[in-house]
Amino acid sequence: ETGVTQSPTHLIKTRGQQVTLRCSSQSGHNTVSWYQQALGQGPQFIFQYYREEENGRGNFPPRFSGLQFPNYSSELNVNALELDDSALYLCASSLTTTGGSYEQYFGPGTRLTVT
Amino acid sequence: DQQVKQNSPSLSVQEGRISILNCDYTNSMFDYFLWYKKYPAEGPTFLISISSIKDKNEDGRFTVFLNKSAKHLSLHIVPSQPGDSAVYFCAARPDSSYKLIFGSGTRLLVRP
C-alpha cells in the first residue's frame, strides 16, 4: 500500500509569485484535503476535493485554488504569494463512501517559504 | 474562535508511566474525534479515533476517552515509551462534514 506523497519537499518563493504544490493520494483513497500549518499551530483546513470537484472550503481567499485529477492526485495553487503564506502545506487523503469520510492520512508536507 | 483547544503546550513523563493528553472542544455538533502524532519533518500520523456515540476506544497502548457532557477528550498512553515523544494533535469533525478542526498540539517528552 502506497502512502500519501507530496512534492516538492521545500520551496522558496518571492512575494507576488505563484506556486503549485502536488499530492498523490494513498492507494484506494478518493478524496484529498489540503491544510496549512503555521509554526506552533495545528493544521488549518484549506479545501477538499472529491470526484474532481471542490467539496468544501475553509476560510482561505480565492487565490488559493486546487485541482483533483482522475487518478485522485491533487494540486494546490497559490497566486500572489504573501509573506504570511509561509507555512507547512499538508495534503491528506481519505476514502469517502456513502457512509461518509473519516480518517484522513497525511503526507509529509511541503515547506513553503515566501521572502 | 478556537473550537478545539489543547491547553497544555507540553508534557513530560517518565518512561513506563502513563501519559494523559487532554483536549477540550466547544462545538456540540462534532461527531467524530481523532488523535494524530507528529514527528519533526513528517506529516501527522493517525493514531486513534472515536465516534461521538461512544465514550471509550482502545487500541493497544492507546485509549481515547470522550466525555460529551464536559466536551472533553483525552488520550491515554500506557506504558509510555521514548519513541512516543512527539507533538500530539486532537482533531474534531463537524457533523458529517468534510473537514477536520485541529487543536494547537501538545509536545510530549517521554524521559528514559
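As a reminder, the structure under discussion sits directly above these lines.
Please read all numbers here as calculations on a predicted model, not as lab measurements.

J.: Talk me through the interface of chain A and chain B; I want residue IDs and the actual numbers.
T.: Each partner contributes to the interface: chain A provides 22 residues, whereas chain B provides 18 residues. Counting the contacts that link chain A with chain B gives zero salt bridges. Viewed at the interface, chain B and chain A are joined by four residue pairs in polar contact (both at pLDDT 80 or more). For the side of chain A that touches chain B, the secondary structure elements donating two or more residues are strand S4 (31-37), strand S5 (44-50), strand S6 (53-57), strand S9 (87-94) and strand S12 (105-106) of chain A.

J.: Explain the packing of aromatic side chains residue by residue, including any values.
T.: Per the stated rule, a full pass over the model turns up 14 aromatic pairs over all chains. Here A:Phe60 and A:Phe64 contribute two aromatic rings whose centre-to-centre distance is 5.2 Å and whose plane-to-plane angle is 65 degrees, an arrangement assigned as edge-to-face. As far as burial versus exposure is concerned, A:Phe60 and A:Phe64 are alike and both buried. Considering the side-chain rings of B:Phe89 and B:Phe102, the 6.4 Å spacing of their centres and the 85 degrees angle between planes classify their relative orientation as edge-to-face. In this pair, B:Phe89 sits in strand S9 (residues 86-94) while B:Phe102 sits in strand S10 (residues 101-102), placing the two residues 13 residues apart along the sequence. Here B:Phe89 matches B:Phe102 in class, with each residue buried.

J.: So what's going on with the sheet that holds strand S1 (residues 5-7) of chain A? Which residues, and what values?
T.: Pairing between sheet strands relies on hydrogen bonds along the backbone, with the strands arranged either parallel or antiparallel. Residue and element names in this part refer to chain A. Here four strands make up an open sheet; going across it, the order is S1-S3-S8-S7 and the pairing antiparallel. One side of each edge strand has no neighbouring strand; the edge strands of this open sheet are S1 and strand S7 (64-68). Averaged over all pairs of adjacent strands, the angle between strand axes in this sheet comes to 20 degrees, irrespective of strand direction. Note that strand S3 (residues 19-24) and strand S8 (residues 74-78) share five bridges and pair antiparallel. Looking at the pairing, threonine 20 lines up with asparagine 77 of S8.

J.: Residues and numbers for the pairing of strand S6 (residues 56-59) of chain B, please.
T.: Residues and elements named next belong to chain B. Inspection of the sheet shows S6 paired to strand S7 (residues 62-67) by four bridges, in the antiparallel sense. Across the sheet, the residue bridging to aspartate 59 is phenylalanine 62, located in S7. Taking the residues between adjacent antiparallel strands as the criterion, S6 and S7 are bridged by two residues, where glycine 60 takes a positive phi near 65 degrees.

J.: Tell me about the state of the cysteines, and name the residues and values.
T.: Residue and element names in this part refer to chain B. If you walk through the whole model with that rule in mind, you get two disulfides over all chains. Paired by a disulfide, cysteine 23 and cysteine 90 hold their sulfur atoms 1.9 Å apart. Linking cysteine 23 and cysteine 90, the disulfide has an S-S dihedral of approximately 60 degrees and is accordingly described as right-handed. Of the two residues, cysteine 23 sits in strand S3 (residues 19-25) while cysteine 90 sits in strand S9, which places them 67 residues apart along the sequence. Accessibility expressed as a relative area gives 2% for cysteine 23, which makes it buried.

J.: Mind laying out the environment of B:Val64, listing which residues take part and the relevant values?
T.: All names here are of chain B. Among the structural elements, valine 64 can be located in strand S7. Owing to a relative accessible area of 1%, valine 64 belongs among the buried residues under this scheme. Distance from valine 64 to tryptophan 35, taken between C-alpha atoms, is 8.4 Å for residues 29 residues apart in sequence. In this structure valine 64 touches Trp35, Ile48, Ser49, Ile50, Asp55, Lys56, Asn57, Leu73 and Ser74, once residues within four positions along its chain are discounted.

J.: Kindly report on the side chain of A:Gln68, identifying the contributing residues and their values.
T.: Residues and elements named next belong to chain A. Mapped onto the elements, glutamine 68 comes out in strand S7. Within the structure, glutamine 68 has its side chain in polar contact with the backbone nitrogen of arginine 51 (distance 3.3 Å). Among the polar contacts listed, one links the side chain of glutamine 68 to the backbone oxygen of tyrosine 72, at a separation of 3.5 Å. Residues within four places of glutamine 68 in sequence aside, it is in contact with Asn30, Thr31, Val32, Tyr49, Tyr50, Arg51, Glu52, Glu53, Ser73 and Ser74.

Criteria and cut-off values
Residues numbered from 1 in each chain as written. Chains lettered and ligands numbered in written order. Predicted model: local features only at pLDDT ≥ 70, side-chain atom pairs only at ≥ 80, totals over all residues. Heavy atoms only, no water. Contact = heavy atoms within 4.5 Å. Salt bridge = Lys/Arg side-chain N within 4 Å of Asp/Glu carboxyl O. Polar contact = N/O pair within 3.5 Å; in protein donor to acceptor, adjacent residues only side chain to side chain. Helix = DSSP H or I, 4+ residues; strand = E, 2+ residues; numbered from the N terminus. Phe/Tyr/Trp six-rings, centres within 6.5 Å; stacked < 30°, edge-to-face > 60°. Buried < 20%, exposed > 50% of the residue type's maximum accessible area, 1.4 Å probe, protein only. Pairing = 2+ DSSP bridges. Axes fitted to C-alpha atoms, helices over the stretch in contact; angles between N-to-C directions. Disulfide = S-S within 2.5 Å.

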